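# Chains, contacts and geometry: an overview
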Amino acid sequence: TILGLYSKTKEIGIMIGTFSSKIISRPWYYVACKIKPRAVKQIYFFGLIFCIFALIALLKFLLAVVSFFISILGPNWTLLSDFNIFIVLIMAMYFFVQFTNSTMLALGLEKELLVIDRWIIGIKIALYLVMLGIITFNNLEFDIKIFLFLEVFIRLVNLLSQIICLIIKTKLKKPINTTNI
């Protein structure tokens, strides 16, 4: 039951994040490929900051929407209501990471993005193994919230790594704009 809740919580968060990503991130990529790199960075950072403030302002509304969505799923899924904050956070982090992915790809930073993605996978595997080891060897009870916090934390590390890379790489070299190719 606990693993099912964990899986369903992540699944719903990523599903909603994918939907929002397709509406904003994918069109943004096509626009970003056609404008100057400096404008891409400026619009990206403005958009990211705007989305963060919008998330904070709309948090209660988003939690209510997720709760309503969970109630539609039926009585078997009512336990998910306890984790609606994680669903919203995973959705938001998924969107922010995809928005940053699109920006980095439009600026020609695909190699850097690949390196970050590989590091994040390694960090994720290592952290999950460490957590499982701690739980197993200390005879602790499996707590889904710890793993959901871990999931949000890993996505935050991914986002921060992408932002740092984007800032550093676009200051060090002139990024490639794909419209010139």
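Residues numbered from 1 in each chain as written. Predicted model: local features only at pLDDT ≥ 70, side-chain atom pairs only at ≥ 80, totals over all residues. Heavy atoms only, no water.

## Side note on the pattern of salt bridges
Stated formally: Here, a salt bridge means any Lys or Arg side-chain nitrogen found within 4 Å of an Asp or Glu carboxyl oxygen. Helix and strand assignments follow DSSP, with helices taken as H or I runs no shorter than four residues and strands as E runs no shorter than two, numbered in order from the N terminus. Per-residue accessibility, obtained with a 1.4 Å probe over protein chains only, is compared with the maximum for each type, and a residue is labelled buried under 20%, exposed over 50%, and partly exposed between these values.
Across all of its chains, the model carries 3 salt bridges by this definition. In this structure, Lys124 engages Glu151 in a salt bridge whose closest nitrogen and oxygen atoms are separated by 3.3 Å. Separated by 27 residues along the polypeptide, Lys124 in helix H5 (residues 110-137) and Glu151 in helix H6 (residues 144-172) bring together distant segments of the chain. On the basis of relative accessible area, Lys124 is assigned to the partly exposed category, the value being 23%. Arg155 is paired through a salt bridge with Glu151; the nearest N and O atoms lie 3.1 Å apart. Highlighted residues: Arg155 and Glu151, both in helix H6, separated by 4 residues, approximately one helical turn. The burial state of Arg155 is the same as that of Glu151; both residues are buried.

## A word on the confidence of the model for the chain
Selection criterion: Per-residue confidence from the predictor is reported as pLDDT, a score between 0 and 100.
Averaged over every residue, the pLDDT of the chain is 86; residues scoring 70 or more account for 92%. Across the chain, helix H2 (residues 37-57) holds the top mean pLDDT of 94, while helix H1 (residues 2-32) sits lowest at 79.

## With respect to the state of the cysteines
Should the sulfur atoms of two cysteines be covalently bonded, the bond is a disulfide. The test is simple: Two cysteine sulfurs form a disulfide in these notes if their separation is within 2.5 Å.
Across all of its chains, the model carries 0 disulfides by this definition. We note that Cys33 lacks a disulfide partner, and the nearest cysteine sulfur, in Cys165, lies 17 Å from it. Given a relative accessible area of 8%, Cys33 falls into the buried group. Here Cys165 falls in the buried class, since its relative accessible area comes to 12%.

## Describing the nonpolar core
What counts here: We define the nonpolar core as a collection of buried residues of types Ala, Val, Leu, Ile, Met, Phe, Trp, Tyr and Cys that are connected through side-chain atoms lying within 4.5 Å of one another. Residue contacts are defined here by distance: any two heavy atoms, one from each residue, within 4.5 Å place the two residues in contact.
In this structure, Tyr44, Phe96, Met104, Phe147 and Leu148 are the most contacted members of the largest nonpolar core, which totals 47 residues. Sorting the residues of this core by element identifies H1, H2, helix H3 (59-73), helix H4 (84-106), H5 and H6 as the ones contributing at least two each. Broken down by element, the residue count for this core peaks at 13 residues, all from H4. The contacts of Phe147, once residues within four sequence positions are left out, are Tyr6, Tyr128, Met131, Leu132, Ile135 and Phe142.

## Examining the packing of aromatic side chains
Aromatic ring pairs: the centre-centre distance and the angle between the two ring planes describe each pair. Note the threshold: Stacked, edge-to-face and tilted are the three classes for Phe, Tyr and Trp ring pairs, Trp counted by its six-membered ring, which pair at centre distances within 6.5 Å; planes under 30 degrees apart are stacked, over 60 edge-to-face, the rest tilted.
Tallied over the full model, the rule gives 9 aromatic pairs. With a centroid separation of 6.5 Å and an interplanar angle of 20°, the aromatic rings of Phe46 and Phe50 are classed as stacked. Separated by 4 residues within a single helix, Phe46 and Phe50 lie in helix H2, roughly one turn from each other. Residue classification places Phe50 among the exposed residues on the basis of a relative accessible area of 53%. Among the aromatic residues, those joined into a ring-pair cluster are Trp28, Tyr44, Phe45, Phe95, Phe96 and Phe99.

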